[in-house]
Number of protein chains: 2
Amino acid sequence: MKIVFIGSGNLATHLATALVMAGENVVQVYSKTYEHAQILADKVRGVAVSSIDEICNDADAYIISIKDDALPSVVEQLRKGRADRLFVHTAGSVPMSVLGSHAAVLYPMQTFSKSREVNFREIPCFIEATDDEAYKLVAHLAHTVSDKVVDLDSDKRRKLHLSAVFACNFVNHCYHLAERIMADAGLDFDLLLPLIDETARKVHRLSPHDAQTGPMVRNDRKVMDKQMELISDERTQEIYKLLAESIYKMR
Amino acid sequence: MKIVFIGSGNLATHLATALVMAGENVVQVYSKTYEHAQILADKVRGVAVSSIDEICNDADAYIISIKDDALPSVVEQLRKGRADRLFVHTAGSVPMSVLGSHAAVLYPMQTFSKSREVNFREIPCFIEATDDEAYKLVAHLAHTVSDKVVDLDSDKRRKLHLSAVFACNFVNHCYHLAERIMADAGLDFDLLLPLIDETARKVHRLSPHDAQTGPMVRNDRKVMDKQMELISDERTQEIYKLLAESIYKMR
């Protein structure tokens, strides 16, 4: 398939690279910033463009992977002269309807950073489409890069994305807050890695409810009060209080 | 060494088992509830007791692994006739001073559930002692079970324990909240596992700050507002708001 990528961020970079490695043809990469387009275009042996006018009209799929807010206006511009082309977006929280007719969604649920390699085959990809032909094309793309392809409509995908924010962004932020407290005590963050790894491994076998340990499930009020006193930052204290309460209530 | 365990909870179970596997001798296991003492005693081929009067006076070490609140009164009772014996506790947030003289702390930082095997050798163990002889004994015990033994005083251990609450208990609770949202959409929690694993793996190489992704670091307000609306539970909504703000401020 002849593919154009609109956007060259973390997700676009990983998805475009995975598609090309699997034999697909990324002919153009668009970004407002030419240098950004060029970095990804070089990787996938495509052509970098930074003006929407330069984007070709005859691609089999336009994969749009940009900030959610920017999607509607970019789609509006792109659709001119490409009404019959397949448009695909990759966003968790944006409904497919934003793309118009003959459209699809391919949402790979993972945390992508440019400096990290990921094994795309292990990443669950959630797809939906407006029509059978669009479905066939997006399913082909998804199966080309992933072993775990799941049909999911826009409403459920929003909930999935919200879950991902809890399971990834909020989790990572808890690591960040832990790192700050460690640094404050002159301790190396790496000392926490065996604990972090086991916490993640545990939920492969136990439900998060059954995996929980620590002062909140034991209702060890003395420890909790002393820990609250140790926190100097007000917002972090508030986070501690709320999460402690929530664990206790959901015991 | 001849060891008595006071307490038979998750931590006691894993530590006692690791010590016995490495050739140490756990002669008695005490718990208020005889059945609990018996389960661990059977595992380590020791004797279960449920009355403090039955605890022998001549052990080389008394390892006390009970709820923090209960420590002072149990120590007071136990010290009678055992003033010269080594007392060790395993708690993150309790100062060593609670044990009196000739005492030590051995804090293995891990999340222990009885139903899960752990490789104790990978668990960082934090130790301190009141005197050289106590230090020698506790260091011997720690090195017997772990490859990562670190000296740490009571003040810093409290901060370490607080970090562990963020990196483990709060992280696991975020998994729990994610699971609820998934269930609400009829989705299987296991779909989140590749994301959970990669989030944990990432911080082996990147700092949590550099590893962060998602709508908060992109400052994608539209997504955040829509996600807030999706959350039905008020406390979870509050958690979302606070953590989102905190990520944004620490970008």
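Refer to the structure printed above.
Summarised in this report is the structure supplied together with it. This structure is a prediction, so every number in the text was calculated from the model and none was measured.

With that settled, the discussion passes to the packing of aromatic side chains. Scanning all chains against the criterion turns up 12 aromatic pairs over all chains. On the numbers, 5.4 Å between centres and 70 degrees between planes, the contact of A:Y240 with B:F170 is edge-to-face. Of this pair, A:Y240 sits in helix 9 (residues 234–249) while B:F170 sits in helix 5 (residues 154–184), placing the two residues on different chains. Ring plane angle 85 degrees and centroid distance 4.9 Å describe the contact between B:F166 and B:F170, whose orientation is recorded as edge-to-face. A residue pair is termed a helical-turn pair when its members lie 3 or 4 positions apart in one helix, as B:F166 and B:F170 do in helix 5 at 4 residues. Look at B:F166 and you get buried, because its relative accessible area is 0%. Taken together through their ring pairs, the aromatic side chains of A:F166, A:F170 and B:Y240 make up a single cluster.

The interface is formed by 97 residues belonging to chain B together with 97 residues belonging to chain A. When the two sides are added together, the surface that chain B and chain A hide from each other amounts to roughly 9,700 Å², 67% of it contributed by carbon and sulfur. Between B:R116 and A:E198 there is a salt bridge; the shortest N-O distance is 2.7 Å. Elements with a minimum of two residues in the side of chain B that touches chain A: helix 5, helix 6 (193–202), helix 7 (208–211), helix 8 (221–230) and helix 9 (234–249) of chain B. Counting residues per element, the side of chain B that touches chain A draws most heavily on helix 5 of chain B, which supplies 27 residues. Tallied by class, residues from the side of chain B that touches chain A come to 49 nonpolar, 22 polar and 26 charged.

With that out of the way, let us pick up the environment of B:K249. Along the chain, B:K249 falls in helix 9. Separated by 84 residues in sequence, B:K249 and B:V165 have C-alpha atoms that sit 22 Å apart.

One pass over the full model with this rule turns up 18 salt bridges over all chains. Notably, a salt bridge pairs B:K159 with A:D184, separated by 3.4 Å at the nearest N-O pair. Here B:K159, found in helix 5, pairs with A:D184, found in helix 5 (residues 154–184), and the two come from separate chains. Relative accessible area serves as the criterion here: at 52%, A:D184 is assigned to the exposed category. Among the ionic pairs, A:E198 bridges to A:R201, the shortest N-O distance being 3.2 Å. In this pair, A:E198 and A:R201 are both assigned in helix 6 (residues 193–202), 3 residues apart and thus about one turn of the helix distant. Residue A:E198 is classed as buried on the basis of its relative accessible area of 2%.

The biggest cluster of nonpolar side chains holds 88 residues, and the ones touching the most others in it are A:F166, A:Y240, B:F166 and B:Y240. Every element with two or more residues in this core is listed here: strand 6 (103–108), helix 5, helix 6 and helix 9 of chain A together with strand 6 (103–108), helix 5, helix 6 and helix 9 of chain B. Residues in contact with A:F166, not counting those within four places in the same chain, are A:V171, B:C174, B:L177, B:A178, B:I181, B:I231, B:T236, B:I239 and B:Y240.

The next point concerns a negative patch on the surface. A cluster of acidic side chains, namely A:D233, A:E234, A:E238, B:D233, B:E234 and B:E238, defines a negative patch on the protein surface. Among the elements of the structure, helix 9 of chain A together with helix 9 of chain B are those that each provide at least two residues to the negative patch. As for its placement among the helices and strands, B:D233 is situated in the loop between helix 8 and helix 9. Residue classification places B:D233 among the partly exposed positions, given a relative accessible area of 35%.

One way to put it is that helix 9 of chain A packs onto helix 5 of chain B with a least axis distance of 10 Å and a crossing angle of 55 degrees. Taken together, the axis directions place helix 9 of chain A and helix 5 of chain B in an arrangement best described as oblique. Read as a crossing pair, helix 9 of chain A and helix 5 of chain B show a hand that is left-handed. Facing helix 9 of chain A, whose interface residues are A:T236, A:I239, A:Y240, A:L243, A:A244, A:S246 and A:I247, helix 5 of chain B presents B:L162, B:V165, B:F166, B:N169, B:F170, B:H173 and B:L177.

What follows covers the sheet that holds strand 3 (residues 47–49) of chain A. Residues and elements named next belong to chain A. Strand order in the open sheet formed by 8 strands is 3-2-1-4-5-6-7-8, with mixed pairing between adjacent strands. Every interior strand has two partners, whereas the edge strands, strand 3 and strand 8 (149–151), have only one. Recorded for the sheet is a direction-independent mean angle of 25 degrees between the axes of neighbouring strands. Across 4 bridges, the pairing between strand 4 (residues 61–64) and strand 5 (residues 86–89) is parallel. Residue I63 lies in a different strand from strand 5, and its bridge partner there is V88. Docked against the sheet, helix 1 (residues 10–21) engages strand 1 (2–6), strand 2 (25–30), strand 4 and strand 6, running at close to 170 degrees with respect to strand 1. Across the sheet, helix 3 (residues 71–79) is in contact with strand 1, strand 4, strand 5 and strand 6; its angle to strand 5 comes to roughly 165 degrees.

The rules we used
Residues numbered from 1 in each chain as written. Chains lettered and ligands numbered in written order. Predicted model: local features only at pLDDT ≥ 70, side-chain atom pairs only at ≥ 80, totals over all residues. Heavy atoms only, no water. Phe/Tyr/Trp six-rings, centres within 6.5 Å; stacked < 30°, edge-to-face > 60°. Helix = DSSP H or I, 4+ residues; strand = E, 2+ residues; numbered from the N terminus. Buried < 20%, exposed > 50% of the residue type's maximum accessible area, 1.4 Å probe, protein only. Contact = heavy atoms within 4.5 Å. Buried area = accessible area lost by both parts, 1.4 Å probe. Salt bridge = Lys/Arg side-chain N within 4 Å of Asp/Glu carboxyl O. Nonpolar A, V, L, I, M, F, W, Y, C, P; charged D, E, K, R; others polar. Core = buried A, V, L, I, M, F, W, Y, C linked by side-chain atoms within 4.5 Å. Patch = residues over 30% accessible without salt bridge, like charges linked within 9 Å, V, L, I, M, F, W, Y side chains within 5 Å. Areas by Shrake-Rupley, 256 points an atom, 1.4 Å probe, with all protein chains shown as cover. Lys, Arg positive; Asp, Glu negative; His and termini not counted. Charge placed at Lys NZ, Arg CZ, Asp CG, Glu CD. Axes fitted to C-alpha atoms, helices over the stretch in contact; angles between N-to-C directions. Parallel < 35°, antiparallel > 145°, perpendicular 65-115°, else oblique. Left-handed = near helix turned anticlockwise from the far one by under 90°. Pairing = 2+ DSSP bridges.

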